[in-house]
Each structure stands twice: as structure tokens, then as C-alpha cells.
Amino acid sequence: MGEASPNSVSKYERTPFGKEMLKHFLFDPKFKNLNHGSFGSIPKAIKEKRAQYQEASEARPDPFIRYELPDIIDENRAAVAKVLNVPAETVVIISNATTGINTVLRNITWDEDGKDEILYFNTIYGACGKTVEYICESARGPVQAREIKLEYPLSDDELVSKFKEAIKTSRAARRFPRIAIFDVISSMPGLRMPFEELTKLCKEEGILSCIDGAHGVGHIPLDLSAIDPDFFTSNCHKWLFVPRGCAVFYVPVRNQHLIRSSLPTSHGFVPKATIGGLSNPFEATGKSEFVNQFEFCGTIDNTNYFCIAEAIKWREEVCGGEKAIMDYTHNLAFEGGKMVADMLGTKLLDNEEHTMTNCSLVNILLPLSSSSSPAPGVYSIKEGYGTAVVHWIQRILVDKFQTFIAIFQFQGQWYARLSGQVYLDMDDFKWAGEKLRDVCERIGKGEYIKEDKKVDSVEMVVVGDLRKEGTTASA
């Protein structure tokens, strides 16, 4: 394919963080992207790289899919494995982190004595929480769930203590805590969790650790060899600048026998008892059963998987590497978030140690209250309109101000979640603060009330995901 070949070598130019970085992205000039954490975004160069792979696939479909695809996937597995500091044989590429969590839970064989439990925090991502509910329902008895209630803010030590107490309570009830699911950084609120300590505790207690790192790779430093979880999954399309949807799924060799099938089951599955003489139509590669299972899971356009290595290269050459990116985005989120909170007369959701905000997401309390007599500078929301206000704010931000900010209710209060990113600066956070102040003032005037129609649903849709009000929210 000449210069259009996916294998062509390109050299990128270092670009300063902030507004100048916008030239590399595909945003509408009228739109300000303040919610990178939900769905991510990609540089133009990565879009072009993916298009090259798509063209190569269409030019020679069978040769490309049958013979070139495996090597390309291997190259990208190796690239993300290096970022995570693990052997390439322990990682495969899947569509998203939710699929990774589903793959783990649907492969575990629960004990027939009915004592197994799945431990999870009330801040679990909504789709993963629903997965836990489904597993318990569909298993019809062998496994139950135990939710660990968190009330923020709290220190890392307090959170770990609550986890220890849940294990103790489970065993006191003559249950067996089989597996624990916890986040690297929770979604709503967007807070860093002490996942390293939780993983260590799981190992000490003989509990399988399953880390939902949806907001992990490309967001904070991760050394999985040192952390040593039993299962880990992370979206590459959120913070690593890889096209949607793409995620890494890590399973150390010691646990790969537990993952009997990919999701969906495909040609790589090796049954314990062969039925009907079915064989894999693709050439044998000498790779492990674990890797083979995930190499071809049905015909899809997986050219997004092929862009991991190029995205990492782009981040190194244009941004200065992972540390430079993380230092900038973490500082921007924290300092920018504090500025917005000052503008609103509120505060950040954080603990005294600031470990919860040691990431590129920040949660800012909005000056809103369900009280009919709120404090000065705080605007009252009529009873029954709590959910409606969330939707109303988000629609106003999109329709009037050409932006989106994730708004959510948590512990009886309303918050805005902002993302730090390389194409944003403090001016963008100041602008966000002005718009949030504007919508809160509009709420004070009652503009959210339309024909006295109340919305009093417990279930709500925020940023396209179903969640329970007061727990997790969105991507």
C-alpha cells in the first residue's frame, strides 16, 4: 500500500499542552470537551492509522484477516503489556472493561454448597453491578453478593478497614468470600481507590481480586507485576487515545485455566470433551489457549485494537510520554477543580490526604439543596425534582453552551465531574465554572420546572448508562 501502509513509520512533533494541543484532535471548534473520562477521544493521526488498517482489510479481506491480523494483534498486545509491566502472554485485547468483568464472573465455577460470595463496593460501575446481580440470579443459589457501603470522604485506611470488616462479616455468617471486585478509579464519583492495598489484602485472605481499571491505563501509573491482581481489565479508549471500543484484559498465567471461554465463545475454545469433531478453522499459532481464545471472537471491525502501539508512540512523541501526560492532567484536574469550587462557593469531594483526587478526574459540589431553606448562595430544588435537575443541567450545557459535564447525585448532594486532559487548561476550567454557576442560578429561578411535571424515578440514565441514583453513574 506504499505510504498508506499500516506499517509505514511516522514521526510526530512535540506539542505544548493546552490549547495548542487541540489541533491534533477532531473536536468541533464550537464544542468544549470537558468530559474526556466517559468515552475518550483520539488524535487525528490515530484516526488515520485506523483508516489505513481498514483499507488494508478491504483490499485483501481473507489474507488480512486470516494471516496478518494475528501478528498485528500480537504487536499491540506487547505494546500495552509493556505499559502495564507484564508479559505479553498474560494480556489479550477485548472491546471494553465491562466485557472483561463479565468474562471473569461468567467463567468462575461456583461451589455447589451455596456459600460463595462476590464482594463489591456501592460505588461499583453500574453495568458491572448489574452483572453481579445477573450472575447471582442466573446461578440460582450457589453465589450471593455482599455490598460494602462507603460514605465519602474517607481515608484509604478507613476504606480498607471497611473491606476487612466485610470479609469478617461474611465468614461470621458462614459464607465464603470468593472474589472481590473493586475499581482503580471509580466512575461516579470519579475517585481513586486504594486498589493496591485491596489487592494485597485479597491475596492475604485467599480471595480472588478482580480489578475494574476502566479508568486505569493511560490515566495513572500501573505496575501489574508489582500489584499482582488475579484479574485486571482497563479501557484503552478512555485515557490512552485508542479508538472506541478497546480494552486490555490481564490474567496471570496461574489463573488462565479459570478463564475457560472468551465472551462470546468462539473458535479458540478447547472443550474438555470434544463433541462432533469441531476444529478451529484458523492456522495453529503455537500460542496459549488463553491467547487463542481472544484472538478471533467473531467477525467485527477490530481495527481499533490495532492502534494501541501507535497511540502509545503518539503520546511519547507529541506529549513527552506517560509521566508528562499524567503530571499535567492530574495537576490540571486538581487545581482547576479547586478553582471551580471556589467560584461556586463549594468544595471538592476529597479526603485530607488527597489520595482520592490523585488522578485526572475531579468532583465538584454544586450549590444545590433539597432543603426549602438552603444556606445563602445555595439554590433550592423542589421535592421530587432531584433526577429531573440532573437531566436538565446536562441538556442546558449541551444545547446552550456546547459542552457536556457529567452531573450526578451522590449522598444527597449534586456534583459535577470534570476531566483533566492534555488539550485543556485552566481557562477551560474557569469557563466551566462560569457555566455551572449560570445553570445553578437558573435552577434558583425555577427554570427546570416544566408544567409541574415531577420526575421521581429511582432509576435514571446519565451519560448513556443505567445506574442507581446515589451510587454509580456513568462511564
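Up top you'll find the structure we're talking about.
Parameters and conventions
Residues numbered from 1 in each chain as written. Predicted model: local features only at pLDDT ≥ 70, side-chain atom pairs only at ≥ 80, totals over all residues. Heavy atoms only, no water. Helix = DSSP H or I, 4+ residues; strand = E, 2+ residues; numbered from the N terminus. Expected span 1.5 Å × (residues − 1). Buried < 20%, exposed > 50% of the residue type's maximum accessible area, 1.4 Å probe, protein only. Phe/Tyr/Trp six-rings, centres within 6.5 Å; stacked < 30°, edge-to-face > 60°. Lys NZ or Arg CZ within 6 Å of the ring centre and 35° of its normal. Pairing = 2+ DSSP bridges. Axes fitted to C-alpha atoms, helices over the stretch in contact; angles between N-to-C directions. Contact = heavy atoms within 4.5 Å.

**A short note on helix α13 (residues 386-399)**
- Compared with an ideal rise of 1.5 Å per residue, which puts 14 residues at 20 Å, α13 spans 20 Å between its outermost C-alpha atoms and is within 8% of the ideal.
- Within α13, 10 of the 14 residues are buried, leaving the element largely enclosed by the surrounding structure.
- Of the positions making up α13, those classed as buried are Gly386, Thr387, Ala388, Val389, Val390, Trp392, Ile393, Gln394, Ile396 and Leu397.

**Some words on the packing of aromatic side chains**
- Across all of its chains, the model carries 18 aromatic pairs by this definition.
- Between the aromatic rings of Phe163 and Phe182, the centroid separation amounts to 6.4 Å while the plane-to-plane angle is 70°, which identifies the pairing as edge-to-face. A residue pair is termed long-range when its members are at least 10 positions apart, and Phe163 in helix α6 (residues 156-172) and Phe182 in strand β5 (residues 176-183) qualify at 19 residues.
- A residue is classified by how much of its surface remains accessible, and Phe182, at 2% relative accessible area, is buried.
- Measuring from centroid to centroid gives 5.7 Å for Phe408 and Tyr415, while their planes differ by 20°, and the two rings are stacked.
- Owing to a relative accessible area of 0%, Phe408 belongs among the buried residues under this scheme.
- Under the relative-accessibility criterion, Tyr415 is labelled buried at 4%.
- Connected via pairs of aromatic rings, a cluster forms that spans Phe25, Phe27, Phe241, Trp314 and Tyr423.
- We note Arg14 situated over the ring of Phe17; from NZ or CZ to the ring centre the distance is 5.3 Å.
- A cation sits over an aromatic face here: Lys32 above Trp431, 5.1 Å from the ring centre.

**Considerations on the sheet that holds strand β9 (residues 361-365)**
- Ordered in space as β9-β14-β13, the three strands form an open sheet in which the pairing is antiparallel. Where the open sheet ends on each side, the last strands, each with one partner, are β9 and β13 (406-410). Each strand axis lies, on average, 35° off the axis of its neighbour in the sheet, ignoring direction.
- Two elements, β9 and strand β14 (residues 413-419), share five bridges in a ladder whose sense is antiparallel. Paired with Val362 across the bridge in β14 is Leu418.
- Contacts from α13 reach β13 and β14 within the one sheet, and its direction differs from that of β13 by about 165°.
- Each of β9, β13 and β14 is contacted by helix α14 (residues 426-444), which is oriented at about 155° to β14, the strand it contacts most.

Honestly, that's just the spatial picture; any functional story needs more than this.
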